[in-house]
Amino acid sequence: MLFLFFLTGNILFGFDGFENKSTIRYIHPSYFEIKEEPVEKFATWKSKPDVKICNYAPVTVDQVKRALSWWEKLGYKFGYVYRSNCVENAHYGNIVISLAGQDFDFNRSYGTTNLHYDTSTGVVHWAQIFLPENVRERVLEHEIGHALGWHHSARTGHILHPSWQRGGWDSTGLRVPTLNLTRSKSALKSP
Ligand SMILES: [Zn+2]
């Protein structure tokens, strides 16, 4: 709970019917959310998220697929990637990508992600990424990182560094751990 307190300024609690449901809104740059190296995960998807690209989102399906493949190389899995008019209310199970509205501060931010998740279980319900026109390099990959449940990283050159200028393609700490099969093999050897 300590980190939640630390993040208070950036959490919008939305108790709209569900207990423990909350939304974290990432606004860049912000220095309230930086975790010590390399990076910390606070929420997880229970199943592969589908990726819904709203009609006015400033990215193509191919651009989104390229950004997702960067995460797939680290072991993450996604479901369908599709365009939508996004008029439906149900976004459960989806990462939704939208064009940022007029309230978006283009001087402060290159992208924003709202993550809707259960604070007691850490299970993500859905996420929404807002992008301005002319999306900068790395921004989509960075926001997908938040949509997957990652905090910012203090590591210079890291994809999750909150400052675009000080960020980069470093993926330290993000790889999905693989099962340790060596242990079960050696267990078979014991009498
Ligand atoms: Zn961020």
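Relevant structure appears above.
This structure is a prediction, so every number in the text was calculated from the model and none was measured. (Residues numbered from 1 in each chain as written. Predicted model: local features only at pLDDT ≥ 70, side-chain atom pairs only at ≥ 80, totals over all residues.)

J.: Please explain the nonpolar core as it appears in this structure.
T.: The tendency in soluble globular proteins is for nonpolar side chains to be buried side by side. Residues Ile-95, Ile-97, Ala-127, Ile-129, Leu-131, Ile-144 and Ala-147 are the most contacted members of the largest nonpolar core, which totals 32 residues. Those elements that place two or more of their residues in this core are β4 (50-54), α2 (61-72), β6 (94-99), β7 (112-118), β8 (124-131) and α3 (139-147). For this core, the leading source of residues is β8, giving six residues. When residues no more than four places from it in sequence are discounted, the contact partners of Ala-147 are Ile-95, Thr-113, Leu-115, Ala-127 and Ile-129. (Core = buried A, V, L, I, M, F, W, Y, C linked by C-beta atoms within 7 Å. Buried ≥ 20, exposed ≤ 12 C-beta atoms within 10 Å, placed from the backbone. Helix = DSSP H or I, 4+ residues; strand = E, 2+ residues; numbered from the N terminus. Contact = placed C-beta atoms within 7 Å.)

J.: Teacher, can you tell me more about the environment of Pro-38 here?
T.: Locating Pro-38 in the fold gives a position in the loop between β3 (34-35) and β4. Separated by 133 residues in the primary sequence, Pro-38 and Ser-171 place their C-alpha atoms 8.9 Å from one another. Each residue touching Pro-38, except ones within four places of it in the same chain, is listed here: Ser-153, Arg-155, His-158, Thr-172 and Gly-173.

J.: How should I be thinking about the pairing of β7 in this particular structure?
T.: Looking along a regular strand, one sees the side chains alternate between the two faces of the sheet. Note: β7 against β8, six bridges, orientation antiparallel. Each bridged residue has a counterpart across the sheet, and for Leu-115 the counterpart in β8 is Ala-127. From the end of β7 to the start of β8, which pair antiparallel, there are five residues, and Gly-122 there has a positive phi angle of about 75 degrees. (Pairing = 2+ DSSP bridges.)

J.: Explain the environment of Val-96 to me, please; I cannot follow it from the model alone.
T.: With respect to the helices and strands, the residue Val-96 is situated in strand β6. Taking the C-alpha atoms as reference, Val-96 lies 10.0 Å from Val-81; in sequence the two are 15 residues apart. Apart from residues lying up to four places away in sequence, Val-96 is in contact with Lys-52, Cys-54, Cys-86, His-91, Trp-126 and Gln-128.

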